[in-house]
Amino acid sequence: MSKAVIEVSGLHKVYEGAVPVKAVNGIDLTITEGEFTALKGPSGCGKTTLLNLLGGLDQPSSGSILIDGTDITALSDNELIDFRLHNIGFVFQAYNLIPVLSATENVSFIMLLQDRPKEERLARAEQLLKAVGLEGKEDKRPGQLSGGQQQRVAVARALASKPKFVLADEPTANLDSESTAKLLDIMEQLNAQENMTFVFATHDDRVIAKAKRVVSISDGKVIDDTAE
Amino acid sequence: MILKVAWRNIWRSRIRSIIVLSSIAIGIWAGLLIIGFSFGMNNERTSAAIGATLGHSQAHSSDFLEDPSPSAIIAPEAYENLVAALKEQPFVTGYAPRTMLQGMVASAKQTRASRIIGVNAESERANTTIATYMQEGDFFETRVRKGVVISEKLAEKMGLGMKKKMVLTFQDHNGVIHKASFRVSGIYRTLNAAWDELNIYVQQKDIERIIGTLLIHEVLISYDKSEGTEEKTAAISANVSLPTVITSWKQNSPELGFADDMMGIMLVLVLGIIMLALLFGIINNMLMAVLERRRELGMLMAVGMNKRKLFQMILIETLMLGVVAGPIGMLLGDLSIRVMMNVGLDLSTKKDGLAELGVQSTIYPEVVPEYYLVMAGMVILTALVAALFPAYKALKLNPVRAIRGN
């Protein structure tokens, strides 16, 4: 049996205000190593909030999140930053690359934060860019790449830190069909070849169709969990 | 790579960066020019005063310093001891004994109070530059009995000219009042209008003939260099016993000493004001840079850039503004000063006002290397302080909201 990478139990997130909003309302979820999981649901259902909680970007109101056995809700801010750096890869909807850096530099920047030696950084960045089909584009800056190519750089960046899993928030929202298909193929390949765990928050049917497990969320609760 | 990111980030908003870099460079340029001109003006005034009238230090009887009456003389024995002490010091290049009397001077037009300085013409010429300020006649080089050298300003006010007669009235050390007529043998104009209006020169030997004895109230002392005047003065003082007292030019002309001390304070204030203006410019620039890059900074925090590294990145970026603009400003400032050292700043329209301050109408700046270091230090300090608020704003970003651009 595969090892659990993410174990969530009794997870709640309430945004306080004049009318408190229960964005995540009692979720129990386990994601094992090598899964290719999509969290689906309509806008405002709580999937991005759940993703942020899994990524340690937000603190839950209650419940626990174990990442590879570590309860990240008990970590301090600084410990959490360090934990994210070494354990979690992120792919964002708007790519969020550093515009003044080339593709190689964007990918290797995260390894710089990990204090890895320059030779290692460059070699891994080159290898990852090749893996996402950007050979020959290493020196291009984000502004010189298409949206699909930028998102592929973002995927390479997410993998650069050798994380335990990658969280992708609506990674295809800004891409056309061709770019989406290419990106999904690459992520599928990385999942298959390197046993990399991917968790997507999406309402894109093309992503959902590729996912091996689909977790449906509505009003902050898991209403369906289907595996292939 | 952090340096590379910082460098490229500076050029992200090219026009804004050029504006802020220019403002830093211009601030430094202006600061260096102000320093150069202030030093040039002050040093010129000080060296002119030391050279023409004050000397580096002076010796008096302690009584003279309390009340400059004719009886407060340096006694002959004390004078001999003083001369021996001066000859022991290798940095003393010469000395000039003076008779200092308060009196009245009268011409056909008017009568005025004046200070009559009886000089040994040769030693006064050797140890001061007063002879170079002669407008008419000379400083007792031509043998004239009972000649008097007065200033151009006094001559004008009293309606006097060369070879005109004036009557001097003064009291000797015994309280006896003497009255004698002198002829104008020279007319001088120093850079110090206040000095010119009050002081007239006669020969010591003429005073001696009138009162029957040689009185020495003051000995002007010259050093090889102006640097270390206080220490040199103290070294002479150690070998001279009371009642003879040695005082440096700063003590003898407190207003000049005060101006010298105040200049340092004023320059720090002026530089501080320039830096304060730059500080707000840099803060504004960096704050805009941080707010514009919220998504990027949010992403960096999300993927694991810790607060220390984020702070470091903003700090390096801010420092880089100073590091780029600083040398440009210094180079421009240095070049401008060097050009102005040859050309000078012509303020002849303010000639009279400047003369009251003891400054000539064309001001030549000076290169003051130590202030380049002060300036560099201040720019770095300003950049460091300017980085604090933008860095604080960056650290306070919520990664989730920042990634969304909120």
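All of these numbers come straight from a predicted model, not from anything done at the bench.

What about the overall build of chain B?
Of the regular secondary structure elements, chain B holds 16 helices and 12 strands. Against the compact-globule benchmark of 22 Å for 406 residues, chain B has a radius of gyration of 31 Å, which places it well outside the compact range. Its C-alpha atoms put chain B at 100 × 45 × 30 Å along the principal axes. Put simply, chain B has 406 residues, and 41% of those count as buried.

A closer look at the overall build of chain A
Counting secondary structure elements, chain A contains 7 helices and 10 strands. Principal-axis analysis of the C-alpha atoms gives chain A an extent of 50 × 45 × 40 Å. For chain A, the proportion of its 228 residues judged to be buried stands at 46%. Pairs at least 24 residues apart make up 70% of the contacts formed inside chain A by residues separated by at least 6 positions.

Observations regarding the sheet that holds strand β2 (residues 21-32) of chain A
Residues and elements named next belong to chain A. With antiparallel pairing, 4 strands are arranged side by side in an open sheet as β2-β1-β4-β5. Strands with a single pairing partner mark the edges of an open sheet, and in this sheet they are β2 and β5 (70-71). Alignment of strand β4 (residues 62-67) against β5, held across 2 bridges, turns out to be antiparallel. Pairing of Ile67 across the sheet is with Thr70, part of β5. Strand contacts of helix α1 (residues 47-54): β1 (4-15), β2 and β4, with the helix running at about 60° to β2, the strand carrying the most contacts.

Thoughts on the pairing of β1 of chain A
Where β1 of chain A meets β2 of chain A, 9 bridges bridge the pair, whose relative direction is antiparallel. Across the sheet, the residue bridging to His12 of chain A is Asn25 of chain A, located in β2 of chain A.

Thoughts on the interface of chain B and chain A
Each side of the interface is counted separately: chain B has 17 residues, and chain A has 20 residues. At the level of elements, α1 (2-10), α12 (294-303) and α16 (399-403) of chain B are the ones that each hand at least two residues to the side of chain B that touches chain A.

With respect to the sheet that holds strand β6 (residues 88-91) of chain A
All names here are of chain A. Read across the sheet, 6 strands follow the order β6-β7-β8-β3-β9-β10 without closing on themselves; strand pairing throughout is mixed. With one partner strand each, in any of the chains shown, β6 and β10 (221-227) form the two edges of the open sheet. Neighbouring strand axes in the sheet, compared pairwise and without regard to direction, differ in orientation by 20° on average.

Here we look at helix α4 (residues 76-88) of chain B
Residues and elements named next belong to chain B. Its 13 residues place the ends of α4 19 Å apart at the C-alpha level, agreeing with the 18 Å of an ideal helix rising 1.5 Å per residue. For α4, the full list of buried residues reads Leu82, Ala85 and Leu86. One side of α4 holds all its buried residues, which, seen down the axis, span an arc of 100°. In α4, those exposed residues whose orientation departs by more than 90 degrees from the buried face are Pro76, Glu77, Glu80, Ala84, Lys87 and Glu88. Against the buried residues of α4 lie β1 (57-61), β2 (92-106), β9 (218-223), α9 (229-237) and β10 (244-248).

Some words on the environment of Ala376 of chain B
Within the secondary structure, Ala376 of chain B is located in helix α15 (residues 369-395). Linking Ala376 of chain B and Gly322 of chain B, residues 54 residues apart in sequence, is a C-alpha distance of 8.7 Å.

As for the packing of helix α5 (residues 147-160) of chain A against helix α6 (residues 177-194) of chain A
All names here are of chain A. As a packed pair, α5 and α6 sit with axes 9 Å apart at the nearest point and diverge in direction by 20°. Judged by the angle between their axes, α5 and α6 are roughly parallel. Regarding α5 and α6, the two cross each other, and that crossing is right-handed. Contact residues: Gly147, Gly148, Gln151, Arg152, Val155 and Leu159 in α5; Ser179, Lys182, Leu183, Ile186, Met187 and Leu190 in α6.

Some details on the domain arrangement of chain B
Examined at the domain level, chain B breaks down into domain 1 (2-49 + 257-403) and domain 2 (57-225). When each unit is reduced to the centre of its C-alpha atoms, the spacing between domain 1 of chain B and domain 2 of chain B is 50 Å.

Some details on the packing of α1 of chain B against helix α13 (residues 307-343) of chain B
All names here are of chain B. Here α1 crosses α13 at 55°, and the two axes come no closer than 9 Å. Considering their axes alone, α1 and α13 lie oblique with respect to each other. Seen along the crossing, α1 lies across α13 with a hand that is right-handed. Of α13, the residues touching α1 (which contributes Ile2, Leu3, Val5, Ala6, Trp7, Asn9 and Ile10) are Gln312, Met313, Ile316, Glu317, Met320 and Leu321. Tallied by class, residues from the contact of α1 with α13 come to 10 nonpolar, 2 polar and 1 charged.

Examining the confidence of the model for chain B
Residues and elements named next belong to chain B. Across chain B, the average pLDDT comes to 86, with 99% of residues at 70 or higher. Looking across chain B, the model is least confident in helix α14 (residues 351-356), with a mean pLDDT of 69, and most confident in strand β8 (residues 199-203), with 91. This prediction of the complex comes with two scores: 0.74 for pTM and 0.89 for ipTM.

Here we look at unusual backbone geometry
Residues and elements named next belong to chain B. In this structure, Phe140 is a non-glycine residue whose phi angle is positive, near 60°. Residue placement: Phe140 occurs in the loop between β4 (134-137) and β5 (147-151). Residue Lys146 is not a glycine yet carries a positive backbone phi of 50°. With respect to the helices, strands and loops of the structure, Lys146 is situated in the loop between β4 and β5.

Details of the pairing of β6 of chain A
Residue and element names in this part refer to chain A. On β6, burial covers both faces: Ile88 and Phe90 on one face and Gly89 and Val91 on the other are all buried. Here β6 pairs with strand β7 (residues 165-169) via 4 bridges, running parallel. Paired with Ile88 across the bridge in β7 is Phe165.

Some remarks on the environment of Leu50 of chain A
Residues and elements named next belong to chain A. As for its position among the elements, Leu50 is in helix α1. Taking the number of C-beta atoms within 10 Å as the measure of exposure, Leu50 has 29 and is therefore buried. Those residues in contact with Leu50, other than ones at most four positions away along the chain, are Val24, Ile27, Leu39 and Ile217.

Some details on α6 of chain A
All names here are of chain A. Over its 18 residues, α6 runs 25 Å from end to end, which matches the ideal 26 Å to within 8%, given 1.5 Å per residue. Residues of α6 that are buried include every one of Thr180, Leu183, Leu184, Met187 and Leu190, and no others. Looking straight down α6, one finds that the buried residues subtend no more than 125° of arc, so they occupy a single side. Every exposed residue of α6 that faces more than 90 degrees away from the buried side is listed here: Ser177, Glu178, Asp185, Ala192 and Gln193. In this structure, the buried side of α6 is in contact with α4 (118-131), α5, β8 (197-202) and α7 (205-210). Two residues or fewer after α6 comes Asn195, characterised by a positive phi angle close to 55°.

What counts as what
Residues numbered from 1 in each chain as written. Chains lettered and ligands numbered in written order. Predicted model: local features only at pLDDT ≥ 70, side-chain atom pairs only at ≥ 80, totals over all residues. Helix = DSSP H or I, 4+ residues; strand = E, 2+ residues; numbered from the N terminus. Rg over C-alpha atoms; globule rule 2.2 N^0.38 Å. Buried ≥ 20, exposed ≤ 12 C-beta atoms within 10 Å, placed from the backbone. Contact = placed C-beta atoms within 7 Å. Pairing = 2+ DSSP bridges. Axes fitted to C-alpha atoms, helices over the stretch in contact; angles between N-to-C directions. Expected span 1.5 Å × (residues − 1). Arc of directions from axis to C-beta. Parallel < 35°, antiparallel > 145°, perpendicular 65-115°, else oblique. Left-handed = near helix turned anticlockwise from the far one by under 90°. Domains from an automatic or database assignment. Nonpolar A, V, L, I, M, F, W, Y, C, P; charged D, E, K, R; others polar. pLDDT = per-residue confidence, 0-100.

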